[in-house]
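Notes for the structure review
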Amino acid sequence: MLSAQERAHIAQVWDLIAGHEAPFGAELLLRLFAVYPNTKTYFKHLGDCPDEVLLLNHGQRMLEAVGVAVRHVDNLRAALSPLADLHAHVLRVDPTNFPLLIQCFQVVLASHLQDEFTVEMQAAWDKFLTGIAVVLTEKYR
Amino acid sequence: MVNLSGDEKNAVHGLWSKVKVDEVGGEALGRLLVVYPWTRRFFESFGDLSTADAVMNNPKVKAHGSKVLNSFGDGLSHLDNLKGTYAKLSELHCDKLHVDPENFRLLGNVLVVVLARHFGKEFTPDLQAAYQKVVAGVANALAHRYH
């Protein structure tokens, strides 16, 4: 349950990311792999030393999905249902990995937004991203 | 023990020398209490923690945050013996304060986000990786004497 203020913070931050999904997503993945190397096991298709193009492509895809979530914040389950199916039946990413990705997401936000990254934004995005992770892992069993 | 290369140690210390420990401490503790409101359970004597503003401006939060971060800084000077450095504090957090060690991990993560906020691009993925190893090491050391 997101309050009106939390939704405002989510939209505000998204406005700063929109249009930059690829570089944002690429940096997110770079950080994920640098900090939590075990997560690379889920991205074998990106190769051992993922090149910039692959990271940008995959990063864009992930951030575009976040964009879908932003636009359907009231109905995440329906909007993310195909992605939830994908994660449950094909990708099967262990649920403990989602908080790792969320941590890296917060670090990207913080390092880019700096003074603009208020505590309220951090709180709203942590709640929002955790909500996405819940939906994506809900069909696992 | 933390597994940091020589370069990583230099990078960690290099960044730390630029950190305003008192400010960053208060901010990290404040953000923990706002982003993960259940952590307020340990700070009922701190007064008004009812809103984000109240938390971030609370003088007891700032003072305690500063204390915590100064202690963290001590750890940075003893990266090869974190368990020894934090032995007494570990006992205190278990026996007197009854703090679930999960909270050390949460605070460590918030600290990393605060460092990213202050240092921007300078807080590269490799520097983040080094700091995440350090905060994980400190959290483990603080949990080490739990029973």
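In what follows, the structure referred to is the one given above.
Below, the structure is looked at part by part. Predicted, not measured: the structure shown is a model, and the values here were computed from it.

**So, a nonpolar patch on the surface**
Where nonpolar side chains cluster on the molecular surface, the patch consists of Leu-86, Val-90 and Leu-91 of chain A and spans about 230 Å² of accessible area. Checked against the element boundaries, Val-90 of chain A lands in helix α5 (residues 81-91).

**A closer look at helix α2 (residues 21-35) of chain A**
Compared with an ideal rise of 1.5 Å per residue, which puts 15 residues at 21 Å, α2 of chain A spans 21 Å between its outermost C-alpha atoms and is within 8% of the ideal. Of all 15 residues in α2 of chain A, twelve are buried; the element is thus mostly enclosed. What α2 of chain A keeps buried is the set Glu-21, Ala-22, Phe-24, Gly-25, Ala-26, Glu-27, Leu-28, Leu-29, Arg-31, Leu-32, Phe-33 and Val-35 of chain A. Buried residues in α2 of chain A make contact with α1 (4-17), α3 (52-71) and α6 (98-113) of chain A together with α8 (125-143) of chain B.

**Focus: the interface of chain B and chain A**
On the chain A side, the residues contacting the 23 residues of chain B number 20 residues. Around 1800 Å² of area is buried between chain B and chain A when both sides are counted, 57% of it from carbon and sulfur atoms. Inspection of the region where chain B meets chain A yields one salt bridge. For Arg-117 of chain B, the salt bridge goes to Asp-115 of chain A, with nearest N and O atoms at 3.5 Å. In this assembly, chain B and chain A are joined by eleven residue pairs in polar contact (both at pLDDT 80 or more).

**Brief notes about the packing of helix α7 (residues 119-137) of chain A against helix α2 (residues 21-35) of chain B**
Between α7 of chain A and α2 of chain B, whose axes approach to 9 Å, the crossing angle comes to 45°. In terms of orientation, α7 of chain A lies oblique with respect to α2 of chain B. The interaxial crossing formed by α7 of chain A with α2 of chain B has right-handed handedness. Across from Val-119, Gln-122, Ala-123 and Asp-126 of chain A in α7 of chain A, the residues of α2 of chain B making contact are Arg-31, Val-34 and Val-35 of chain B. Classifying every residue of the contact of α7 of chain A with α2 of chain B by side-chain character gives four nonpolar, one polar and two charged.

Procedures and definitions
All chains use their own residue numbering, which begins from 1 and follows the written sequence. Lettering for chains starts from A, numbering for ligands starts from 1, and both go in the order in which the items are written. Predicted model: local features are reported for residues with pLDDT of at least 70 only, side-chain atom pairs are reported and counted for 80 or more only, and whole-chain, interface and lining totals are derived from all residues. As a rule here, side-chain values cover all heavy atoms of the structure and leave hydrogens and water aside. Residues enter a patch when their relative accessible area is above 30% and they make no salt bridge; the linking distance is 9 Å between like charges and 5 Å between nonpolar side chains (Val, Leu, Ile, Met, Phe, Trp, Tyr). Methods summary: accessible areas were calculated by the Shrake-Rupley approach with a probe of 1.4 Å, and residue burial reflects only the protein chains presented. What counts as a salt bridge is simple: a side-chain nitrogen of Lys or Arg found within 4 Å of a carboxyl oxygen of Asp or Glu. Helix and strand assignments come from DSSP, with helices taken as H or I runs of at least 4 residues and strands as E runs of at least 2, each series counted from the N terminus. Under the convention used throughout, the expected extent of a helix is 1.5 Å for every residue step, that is, one less than its residue count. Only protein chains enter the accessibility calculation, which uses a 1.4 Å probe. A residue is then buried if its area is under 20% of the maximum for its type, exposed if over 50%, and partly exposed in between. Any two residues whose heavy atoms approach within 4.5 Å are treated as being in contact. As a working definition, buried area equals the accessible area (1.4 Å probe) given up by two parts on being put together, with both sides summed. Counting of polar contacts relies on pairs of N or O atoms within 3.5 Å, with two restrictions inside protein: one atom must be capable of donating a hydrogen and the other of accepting it, and residues adjacent in sequence are counted only when both atoms are side-chain atoms. Lines fitted to the C-alpha atoms define the axes, with helices restricted to the stretch that makes contact. Angles between their N-to-C directions range from 0 to 180 degrees. Orientation categories follow fixed angle ranges, with anything under 35 degrees roughly parallel, anything over 145 roughly antiparallel, 65 to 115 roughly perpendicular, and all other angles oblique. By convention, the crossing between two helices is left-handed when the near helix turns anticlockwise from the far helix through less than a right angle, and right-handed when the turn is clockwise. Under this grouping Gly is polar, as are all residues other than the nonpolar Ala, Val, Leu, Ile, Met, Phe, Trp, Tyr, Cys and Pro and the charged Asp, Glu, Lys and Arg.

So far we have only geometry, and geometry alone does not tell us how the molecule works.
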